[in-house]
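# Understanding the architecture of this molecule
So the chains spell out like this:
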Amino acid sequence: MERMKRVFSGIQPSGLVHLGNYLGALRQWVLLQDQHECLYCIVDLHAITIPQKPKDLELQIRQTAALCLAIGINPERSILFVQSDVSEHGELAWILSCHAYMGELRRMTQFKDKSGSNQEESIGAGLFNYPVLMAADILLYNAQAVPVGEDQRQHLELSRDLSRRFNNLYGDVFYVPEPIIVKAGSRVMGLDDPLKKMSKSASSQYNYITLMDTPDQIRAKIKVAVTDSGREIRYDEGQKPAISNLLTIFSLVTNRQIAALERDYEGKGYGVFKKDLGEAVCEFVRPIQKEYAKRLDDPALDSILSQGASKASDLARRQIKIVKQALGLGFSPVH
Ligand code: ATP
Ligand code: LTN
């Protein structure tokens, strides 16, 4: 029988997970568990590429882990762990950074967005190296598939380049990982601006709905969400980007086809559509929130994470040994 594909993905412990994160990535994490060997990582080392308050970060790591369990990550099937608990991530990131080019890192659109135009003098080197650490995360486990949102495609491409570059120099050490980017939901757009992706760093909280929002917040955010001209509920990304985005969300949270929704709302106008969407999203987050509250205070969370770290460490140690051997690093006795 063919070996199960190994899957790796990561999420930053921002303490705030929005529908974009869920529909673009986390939903796939859950679905992939049945047929693959999955590692899911809370990437706290990525989080410190921007300033963090230690106490807040500590709590957010816990919250993110609890949320992963609440949406259905099963620790008996998948390895759920915190990045900084496995020191080999940093070690491989250094090795890979010696094989990455300044030019290719400077071309990363996320780095360009986050660093702005002329502030390089005071931009953290961690932000610059962010995609190298991401490549290390994936290659450390020789993952073959990586479920992410569309915004991570370029970073994935860099991981693939680094893998190939390394293999060309030192022999076949790494797989070249494939992105898993779903058709619907891989780029959920902001509710206040359907031309930009939903993002927690958006200036207004009306940009996103988090999985922890209250029903009132959800209803209010959908009520004021930007719509398009006309009053037709029709999927058309070019002409109707806002309604198309809302239809995508509606379809994914209810598991109904977009065509069926279009039919149901024919002639009904935006008001009714938005009201029903609001209720559907409330309905969708309710069980997640209930499970989250249980998980967050459960001491079992600590043992899940420490067992996850221990399993991940075993795999990481083996791989880093192979990498170092390939590079001729370290003392190796003749016998
Ligand atoms: P944000 O921009 O909100 O800070 P992020 O991408 O920086 O999100 P993470 O929380 O680590 O930070 O992202 C987790 C996953 O969510 C990634 O796979 C990412 O591609 C995906 N993702 C983020 N935003 C969206 C979106 N608007 N639509 C679909 N997927 C998204
Ligand atoms: N950069 C990713 C988070 C991330 C990741 C990874 C995703 C860090 N390491 C490895 C997939 C595989 C983001 O979503 N911001």
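Above this text is the structure in question.
Summarised in this report is the structure supplied together with it. (Residues numbered from 1 in each chain as written. Chains lettered and ligands numbered in written order. Predicted model: local features only at pLDDT ≥ 70, side-chain atom pairs only at ≥ 80, totals over all residues. Heavy atoms only, no water.)

### Side note on the overall build of the protein chain
Definition in use: Strands are runs of DSSP state E lasting at least two residues, helices are runs of H or I lasting at least four, and both sets are numbered from the N terminus onward. Note on method: radius of gyration uses C-alpha positions; expected globular size equals 2.2 Å times residues raised to 0.38. Here the term buried applies to any residue with accessible area under 20% of the maximum for its type, exposed to any over 50%, and partly exposed to those in between, with areas from a 1.4 Å probe on protein chains only. By the convention used here, residues are in contact when the closest approach between their heavy atoms is within 4.5 Å. For every accessible area listed, the method is Shrake-Rupley and the probe measures 1.4 Å; residues are considered covered only by the protein chains on display. Positive charge is attributed to Lys and Arg, negative charge to Asp and Glu, and no charge count is given to His or to the chain ends. Every charge is mapped to an atom, namely NZ of Lys, CZ of Arg, CG of Asp or CD of Glu.
From N to C terminus, the protein chain includes 13 helices and 5 strands. Relative to a compact globule of 335 residues, whose C-alpha radius of gyration would be 20 Å, the protein chain shows 21 Å and is just as compact. Relative to its 335 residues, the protein chain shows a buried fraction of 51%. Taking as baseline every contact in the protein chain between residues at least 6 positions apart, the subset at least 24 positions apart corresponds to 74%. Total accessible area computed for the protein chain in this model is approximately 16,900 Å², and 51% of it derives from carbon and sulfur atoms. Where the 41 positive side-chain charges of the protein chain centre and where its 40 negative ones centre are 2 Å apart.

### Quick notes on the site of ligand 2
Convention followed: If a single non-hydrogen atom of a residue is within 4 Å of a molecule or strand, that residue counts as near it. Between N or O atoms, a polar contact is any pair within 3.5 Å; within protein, one atom must be a potential hydrogen donor and the other a potential acceptor, and residues adjacent in sequence are included only when both atoms are from side chains. Only Asp, Glu, Lys and Arg are considered charged in this grouping, and only Ala, Val, Leu, Ile, Met, Phe, Trp, Tyr, Cys and Pro are considered nonpolar; every other residue, Gly among them, is considered polar.
The immediate surroundings of ligand 2 are formed by 13 residues, with H46, Y130, M134, D137 and Q152 found nearest. Between ligand 2 and D137, the relevant distance is 2.6 Å, taken from a nitrogen atom to a side-chain nitrogen or oxygen of the residue. Mapped onto the shell around ligand 2, the elements with two or more residues apiece are β1 (6-11) and α7 (125-139). Among the elements that take part in the shell around ligand 2, α7 stands out by supplying 4 residues, more than any other. Of the residues contributing to the shell around ligand 2, the split by class is 7 nonpolar, 5 polar and 1 charged.

### Topic: helix α8 (residues 153-170)
To be explicit about the condition: Take the number of residues in a helix, subtract one, and multiply by 1.5 Å to get its expected span.
Taking 1.5 Å of rise per residue, 18 residues should cover 26 Å, and α8 covers 26 Å from first to last C-alpha, within 8% of that figure. A positive backbone phi angle near 100 degrees is found at G171, which sits one or two residues after α8.

### Observations concerning the side chain of N167
Structurally, N167 is set in helix α8. A residue is classified by how much of its surface remains accessible, and N167, at 11% relative accessible area, is buried. Not counting residues within four places of it along the chain, the set of residues in contact with N167 comprises D172, V173 and F174.

### Side note on the pattern of salt bridges
Stated formally: By definition here, a salt bridge exists when the distance from a side-chain nitrogen of Lys or Arg to a carboxyl oxygen of Asp or Glu is within 4 Å.
Counted under the stated rule, the structure contains 22 salt bridges. With its nearest N and O atoms 3.1 Å apart, the salt bridge here joins R6 to E37. Of the two residues, R6 sits in strand β1 while E37 sits in strand β2 (residues 37-42), which places them 31 residues apart along the sequence. Here K196 and D193 are joined by a salt bridge, their closest N and O atoms 3.7 Å apart. The structure contains a network of salt bridges with shared partners spanning E157, R160 and E178.

### Description of the environment of K196
Relative to the helices and strands, K196 resides in the loop between β5 (178-180) and α9 (215-223). A relative accessible area of 54% means that K196 is categorised as exposed. Apart from residues lying up to four places away in sequence, K196 is in contact with M189 and G190.

### What about the nonpolar core?
Heads up, the condition is: The set of buried Ala, Val, Leu, Ile, Met, Phe, Trp, Tyr and Cys residues whose side-chain atoms join them within 4.5 Å is what this entry labels a nonpolar core.
With 62 residues, the main nonpolar core has L19, L211, I249 and V281 as its most contacted residues. A total of 11 residues in this core trace back to one element, the largest contributor, which is helix α12 (residues 269-296). Look past the residues within four positions of L19 in its chain and what remains in contact with it is G24, V188, M198, I209, L211, I249, V253, V281 and F284. Residues L127, A136, F174 and V323 belong to the second largest nonpolar core, which totals 41 residues.

### Some thoughts on the site of ligand 1
Around ligand 1, a shell composed of 19 residues is seen, among which H18, D151, V188, K197 and K200 lie nearest. Within the side chain of N21, one N or O atom sits 3.1 Å away from an oxygen atom of ligand 1. At a separation of 2.7 Å, an oxygen atom of ligand 1 approaches a polar side-chain atom of K197. Here ligand 1, which alone exposes 590 Å², has 94% of that area covered by the protein. Here the element with the most residues in the shell around ligand 1 is helix α1 (residues 19-32); it accounts for 4 residues. Tallied by class, residues from the shell around ligand 1 come to 5 nonpolar, 10 polar and 4 charged.

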